[in-house]
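Observations on the model geometry
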Amino acid sequence: MSGRQALGRRQPIAWRGGDLEVTTGQWACSSEQVADTLVVRVWGNQLSERLGSEGAMLRRFLRLGLGRSLSIREVGTHSGYSILDWDGKVSEFKKKIQSIMPGEPGDLLCDTRHLPPEHSDVVIVGGGVLGLSVAFWLKKLAKRRDAIRVLVVERDHMYSKASTGLSVGGIRQQFSLPQNVQLSLFSIDFLRNINEYLAVVDTPPLDLQFNPSGYLLLATEKGAAILETNVKMQRQEGAKISLMSPEQLQKKFPWMNMEGVALASYGLENEGWFDPWSLLQGLRRKVQSMGVLFCQGEVTRFLTSSNSMRNSSGEEVILRRIHEVHVKMDNSLEYQPVECAIVINAAGAWSGQVAELAGIGKGPPGTLQGTKLPVEPRKRFVYLWHCPQGPGLETPLVTDTNGVYFRREGLGNNYVGGRSPTEEEEPDPADLEVDHDFFQNKVWPHLAQRVPVFEALKVRSAWAGYYDYNTFDQNGVVGPHPLVVNMYFATGFSGHGLQHAPGVGRAVAEMLLEGRFQTIDMSPFLFSRFYLEEKVLEQNII
């Protein structure tokens, strides 16, 4: 950049009283240096005559403002003036000016509360439950209060397209992998004691409306052996799961048609569903009280530095580190650079795109540099229907042999459910339009076959949401990237991220703060498995 050009300039007039005007701007003196400036104009009397002894203070203040800079050394430390120092001096100067100037007080500086800070130790991309859980555990596990500055960047501040709010809110231990069972057990303890974790002074307690009705997974003769193996492992991990024969099922759930069912697994405790929105809002409220900063905007660029080394095979490997995140402000062409030490990619269905911004997957095919994060948005439909003679209050969340699922919704004989499409049926994820024909042709016939009274159901509403779908093995990605060494992942759970968020957030925080997983060993979920082609396949995806 040649000369002195305005870059992302903020609103020019900030304060004016009488014949004095104080303005702010942001100027780039080079491509590497951006300075915040204050401009003072005085009409009539000279500044020194007008302000007297305050003029010297003003000049010192301006020099401070123009000369401030920040650089990252390590998590929790930085050199130069802190943002708190700057804000304090702004407040002091504002009071001085207002005490001697006529007219309305006004604002000394334009309102920049919507802007992210210039520096944050950790930037979390994505403000859903996974991102908020990471923020919570970073703050909770830090050895000193306010030791780490954490910024959460979320582009959809209303969460209108976020997977969290559009989920059916289930939690279960009936998975095929031990790590997922352990995550569920950790999460259910977190949810049951939610107000011990997320209580905020002078705010009402959280009510997650947890319904402990369990999950019921049905299996055909072909799938019975796998179901039995899974239940044996789940019990070993501490889950309370019962195997039920068709005769036992018929006795307990007389409204169910047993045709094609050879075996079922039923969660006796710590399974059911809850209100996802309450968990989201509770986490957000708590982390704000802990000092976590929020910004509505979209991450559009990462600035990185790199160095090369040779691996054990003598091959050259390029290691990169993100040192600046560019956040594009909502409804604006303006972006704000944020210097950082760590980036957490918790962008859900869009985390693959965020990884690409950091250069992940942009190397030669077949190499670690060329290995992409295989997470993409997959659209899923949820339908709500009414059936006056439908199953009663004891109804669990039922998953049929063909993948169709349903559960009760409230007390008025309403139900929600759906089905994951096959690869050939995958809908276009470009929007969240609902395909009502999918229910008529692919869901309803199976519902009516399994629960005959559902033949008379009436659909009342429907919505669509996104899975952060891991196309490699439908399992989560947790921990650091091996080459972009300060980008950490908390994504790719393919529909079970909400229920596992408390445990995943803790795992990421442990890895960042202690250098290893402590509570649950999540090493099978590291990014390197994609390059090594080592699938950690989760079979129980609903």
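Residues numbered from 1 in each chain as written. Predicted model: local features only at pLDDT ≥ 70, side-chain atom pairs only at ≥ 80, totals over all residues. Heavy atoms only, no water.

Here's the deal with the confidence of the model for the protein
For the protein, the average pLDDT comes to 84, and 79% of its residues sit at 70 or higher. This model gives residues 1–84 a pLDDT under 50, and the stretch forms 164 contacts once residues within four places in sequence are excluded. (pLDDT = per-residue confidence, 0-100. Contact = heavy atoms within 4.5 Å.)

A look at the pairing of strand 23 (residues 487–491)
When you tally the buried positions in strand 23, you get five out of five residues, the bulk of the element. Across the two faces of strand 23 the burial is the same, with M487, F489 and T491 and Y488 and A490 all buried. In the sheet, strand 22 (residues 477–480) pairs with strand 23 via four bridges, with the strands oriented antiparallel. Following the sheet pairing, V477 is matched in strand 23 by T491. (Buried < 20%, exposed > 50% of the residue type's maximum accessible area, 1.4 Å probe, protein only. Helix = DSSP H or I, 4+ residues; strand = E, 2+ residues; numbered from the N terminus. Pairing = 2+ DSSP bridges.)

Some words on the sheet that holds strand 17 (residues 375–386)
If you trace the eight strands from one edge of the open sheet to the other, you get 11-12-10-18-19-20-17-21, paired in mixed fashion. Both outer strands of the open sheet, strand 11 (241–244) and strand 21 (458–470), are each paired with one neighbouring strand and no more. The sheet shows a mean angle of 20 degrees between the axes of neighbouring strands, taken without regard to direction. Against the sheet, helix 7 (residues 224–236) touches strand 10 (215–219), strand 11 and strand 12 (263–267), its axis set at about 155 degrees to strand 11. (Axes fitted to C-alpha atoms, helices over the stretch in contact; angles between N-to-C directions.)

Looking at helix 5 (residues 178–192)
Given a rise of 1.5 Å per residue, 15 residues ought to cover 21 Å, and the 21 Å separating the end C-alpha atoms of helix 5 matches this to within 8%. Among the residues of helix 5, those classed as buried are Q179, N180, V181, L183, S184, F186, S187, I188, F190 and L191. Against helix 4 (129–141), strand 9 (170–171), helix 6 (194–198), helix 7, helix 9 (276–289) and helix 12 (497–514) lie the buried residues of helix 5. (Expected span 1.5 Å × (residues − 1).)

Considerations on the pairing of strand 20 (residues 414–418)
Counting buried residues along strand 20, five of its five residues qualify, which places the element largely inside the surrounding structure. Of the two faces of strand 20, the one holding N414, V416 and G418 and the one holding Y415 and G417 are both buried throughout. Relative to strand 20, strand 17 is paired through four bridges, and the arrangement is antiparallel. If you follow L384 over to strand 20, its bridge partner there is V416. Two strands pair when backbone bridges link them, and strand 19 (residues 405–408) and strand 20 are joined in this way by four bridges, in the antiparallel orientation. Bridge pairing in strand 20 links R407 to V416. In this antiparallel pair of consecutive strands, strand 19 and strand 20, the connection spans five residues, and G410 shows a positive phi of 75 degrees.

So, the side chain of S176
Along the chain, S176 falls in the loop between strand 9 and helix 5. Exposure remark for S176: the relative accessible area of 13% places this residue in the buried category. A polar contact is formed between the side chain of S176 and the side chain of E538, at a distance of 2.9 Å. Of the polar contacts made by the side chain of S176, one reaches the backbone nitrogen of Q539; its length is 2.9 Å. (Polar contact = N/O pair within 3.5 Å; in protein donor to acceptor, adjacent residues only side chain to side chain.)

Here's the deal with the pattern of salt bridges
Here the structure, examined in full by the defined rule, presents 13 salt bridges. For the salt bridge of K143 with E514, the shortest nitrogen-to-oxygen distance reads 3.1 Å. Linking K143 in the loop between helix 4 and strand 8 (150–154) with E514 in helix 12, this pair joins segments that are 371 residues apart in sequence. Given a relative accessible area of 76%, K143 falls into the exposed group. The residue E409 makes a salt bridge to R407 at a minimum N-O spacing of 2.7 Å. Residue class for E409 comes out partly exposed when judged on its relative accessible area of 32%. (Salt bridge = Lys/Arg side-chain N within 4 Å of Asp/Glu carboxyl O.)

Some remarks on unusual backbone geometry
As a rule of thumb, non-glycine residues mostly have phi less than zero, and peptide bonds are mostly trans rather than cis. If you check the backbone angles, Q474 has positive phi at about 55 degrees while not being a glycine. With respect to the helices and strands, the residue Q474 is situated in the loop between strand 21 and strand 22. Judged by its relative accessible area of 15%, Q474 falls in the buried class. In this model, S494 sits at a positive phi of 55 degrees, which is unusual for a non-glycine residue. For S494, a relative accessible area of 1% corresponds to the buried category.

Section: the packing of helix 5 against helix 12
Where helix 5 meets helix 12, the closest approach of the two axes is 7 Å, and the angle between their N-to-C directions is 100 degrees. Considering the angle they form, helix 5 stands roughly perpendicular to helix 12. Two secondary-structure elements touch here, helix 5 through N180, L183, S184, F186, S187 and F190 and helix 12 through Q499, H500, A501, P502, G503, V504 and R506. For the contact of helix 5 with helix 12, the per-class residue count stands at six nonpolar, six polar and one charged. (Parallel < 35°, antiparallel > 145°, perpendicular 65-115°, else oblique. Nonpolar A, V, L, I, M, F, W, Y, C, P; charged D, E, K, R; others polar.)

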